[in-house]
Amino acid sequence: MSGTRSGAFVFFGATGNLAAKKIFPALYHLERQDQLGMPVIGVASRPWTVEQLRDYARESIHRTVKTVDKAVLERLLASIQYVSGRYDEPATFAALAALIQPESRPLHYLAIPPDQFELVVGGLRNVGLHRDARVVVEKPFGRDLASARHLGAVLHDAFGEADIFRIDHFLGKEPIQNLMVFRFANTILEPVWNRHYISSVQITMAEAKGVDGRGPFYEGVGALRDVVQNHLLEILGLLAMEPPVADDADAWRDEKRKVFRAIKALDPASVVRGQYGGYRKEPGVAPESDVETFVALRLEIDSWRWAGVPFYIRAGKGLHENITEAIIEFKAPPRLLFSDADCTPPEPNRLHFRLGPDDAITLRVQVKEPGDRMFTRPVDLSLNQTPDEENGGPYERLLGDAMDGDARLFARQDGVEEAWRIVQPVVDAPPAVHLYKQGSWGPKAAIDVWQGEGHWLAPETH
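These notes cover the structure that comes with them. Quantities reported herein were computed from a predicted structural model and do not represent experimental measurements.

**With respect to the overall build of the protein**
No. 1: Assigned secondary structure in the protein consists of twelve helices and 15 strands.
No. 2: Here the C-alpha atoms of the protein give a radius of gyration of 24 Å, agreeing with the 23 Å that 2.2 N^0.38 yields for 462 residues.
No. 3: Its C-alpha atoms give the protein principal-axis dimensions of roughly 80 × 50 × 40 Å.
No. 4: Within the protein, the proportion of its 462 residues that are buried is 53%.
No. 5: Look at the contacts in the protein between residues 6 or more apart in sequence, and 76% of them connect residues 24 or more apart.
No. 6: Roughly 20700 Å² of accessible area belongs to the protein as shown, and the carbon and sulfur atoms make up 53% of that amount.
No. 7: Across the protein, the centroid of the 53 positively charged side chains sits 2 Å from that of the 64 negatively charged ones.

Written out as structure tokens, the structure is:
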């Protein structure tokens, strides 16, 4: 079915929060761009009529889209149909099958909790809706290596790997995609993109707010599972991968898998876990919870390009500000011209990718300070890009790609398993958490992962 476009969009969980916040607005943008044009069939257990679902979609779009084109909205609403029923009842899937044309090549989107994936996949298989079809599943792709393998087996029991789309909205963001373009469309980078010139790479994903009322969810996840095993390892993969041999999904994902395979499983002793003060008072959080709201770690990639270059990752909630970034620090130049005892040697060059909430790429270079002495000062060469709100967000891109069968921005089973392999020792034997103050950059112990070789760079110092 590769290369053929789906002719129907089916999504389970049509009355849920994800549908309201992301999926209906994404479908609106696709319709506005003339990239939808197919039946949209919602499935959920609420005993709604199709008109109630359409009203729900209308409200969600007006709430999330800045300027709504009435004609576009009405076209989308007219395409929506609804199946009400429990996922453990065969009648639900029989009713769904009656609405889908055999040749429509449906795309099934599972916007439901992961513990219901197996139930729904089995229901689709029982009525033959898995044939000549695709399926989209939301992260998390398992809670550990064993459950990730089990989920893979469940999906493969009904769908081929080429028809499984493991969606991570993070990969649909413009600045994340720009990592690939910036790396491989600029030949000036390739000669220095290796262990001979780069001294370290650090990746940060910071959120200023806490768990924001989602205590019960976070108790079962923690920062490592929530963003490190998926989002941040994906960023690392894009920064470290070799150029793909072709512009197709398997070529892209082959190179990322090679990066993951070259990373040794984490030693829990080299990982720092933190928890912000007040987390244990959040609703739904255990009074003695040791779930991490912050994690910092160091890893290395044992490959010819990267051997000996440390990669540092930190992520957390309740931190100083909202920011996602990657900083490539190059090796410092020799003193030579700057050898006076009172002359500060030049800082190393840094290439800084700002990945959110705004999008910017900055190269820090050194220039001469005006005057008689050979003093240097840093200058930032920056490119700032403002997102085009009319093009919507990452879900439009990813849903459109899945409808077209383009899996380049989706995870593959072997890559998922390698990512879990890397973090599994910490999942099995997590080190004790260090408390930190909300509004800080995490526990002081986070510097320990640098092993005396450097320090975390606060965004305001770049």
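**Thoughts on the environment of A402**
No. 1: Checked against the element boundaries, A402 lands in helix 11 (residues 394-404).
No. 2: Accessibility expressed as a relative area gives 0% for A402, which makes it buried.
No. 3: Considered as a pair, A402 and A269 are 133 residues apart in the sequence and their alpha carbons are 40 Å apart.
No. 4: Other than its neighbours up to four places away in sequence, A402 contacts L107, R134, V136, F165 and F410.

**Comments concerning the pattern of salt bridges**
Note on pairing: side chains with opposite charge can pair once their charged atoms come close.
No. 1: Enumeration over the complete set of coordinates arrives at 35 salt bridges.
No. 2: In this structure, the salt-bridge partner of D404 is R5, at a minimum N-O distance of 2.6 Å. Remark: R5 occurs in the segment before strand 1 (9-12) and D404 occurs in helix 11; sequence separation between them is 399 residues.
No. 3: Across the pair D212 and K209 runs a salt bridge, and its minimum N-O distance is 3.6 Å.
No. 4: Linked through salt bridges whose partners overlap, the residues forming this network are D250, R253, D254, R257, R412 and D414.

**A closer look at the packing of helix 1 (residues 17-32) against helix 11**
No. 1: With their axes 8 Å apart at the nearest point, helix 1 and helix 11 run at an angle of 65 degrees to one another. Judged by the inter-axis angle, helix 1 sits roughly perpendicular to helix 11. Classified by chirality, the crossing of helix 11 by helix 1 is right-handed. Seen from helix 1, the contacting residues are L18, K22, A26, L27, H29 and L30; seen from helix 11, they are Y395, E396, L399, G400 and M403.
No. 2: When grouped by side-chain class, the residues that make up the contact of helix 1 with helix 11 number seven nonpolar, two polar and two charged.

**With respect to helix 4 (residues 90-99)**
No. 1: Residues T92, F93 and L96 constitute the buried set of helix 4. In an axial view of helix 4, the angular spread of the buried residues amounts to 90 degrees, which keeps them on one side of the axis. Exposed residues on helix 4 whose side chains face more than 90 degrees from its buried face are P90, A91 and A98.
No. 2: In this structure, the buried residues of helix 4 make contact with strand 1, strand 2 (40-44), strand 3 (80-84) and helix 5 (117-126).

**As for the side chain of Q229**
No. 1: Take Q229: it is sitting in helix 9 (residues 222-240).
No. 2: Setting aside chain neighbours within four positions, we find Q229 in contact with L224, V416, A419, W420 and V423.

Thresholds, definitions, all that
- Residue positions are given per chain, counting from 1 as you read along its sequence in written order.
- Per-residue local features of the predicted model are confined to residues with pLDDT of at least 70, and side-chain atom pairs are confined, for both listing and counting, to 80 or more; whole-chain, interface and lining totals are unaffected and use all residues.
- Computation of side-chain values covers all heavy atoms of the structure but excludes hydrogens and water.
- Counting from the N terminus, the helices are DSSP H or I runs at least four residues long and the strands are E runs at least two residues long.
- All radius of gyration figures rest on C-alpha atoms, and the globule criterion is 2.2 Å times the number of residues raised to 0.38.
- Throughout this description, buried means an accessible area under 20% of the type-specific maximum (1.4 Å probe, protein chains only), exposed means over 50%, and partly exposed covers the range between.
- Should any heavy atoms of two residues lie within 4.5 Å, those residues are considered in contact.
- For the area figures, the Shrake-Rupley method with a 1.4 Å probe applies, and any residue is considered shielded solely by the protein chains shown.
- The charge count treats Lys and Arg as positive and Asp and Glu as negative. His and the chain ends do not count.
- Just so you know, the charge point we use is NZ for Lys, CZ for Arg, CG for Asp and CD for Glu.
- Take a side-chain nitrogen of Lys or Arg and a carboxyl oxygen of Asp or Glu: if they are within 4 Å of each other, that pair is a salt bridge.
- Only the stretch in contact is used when fitting a helix axis, every axis being a line fitted to C-alpha atoms; angles between N-to-C directions are given from 0 to 180 degrees.
- Convention used here: angles under 35 degrees read as roughly parallel, angles over 145 as roughly antiparallel, angles from 65 to 115 as roughly perpendicular, and any remaining angle as oblique.
- Left-handed describes a crossing whose near helix is turned anticlockwise from the far helix by less than a right angle; the clockwise case is right-handed.
- Three categories are distinguished: nonpolar for Ala, Val, Leu, Ile, Met, Phe, Trp, Tyr, Cys and Pro, charged for Asp, Glu, Lys and Arg, and polar for the others, with Gly belonging to the last.
- Read the arc as the range of directions from the helix axis to the C-beta atoms.

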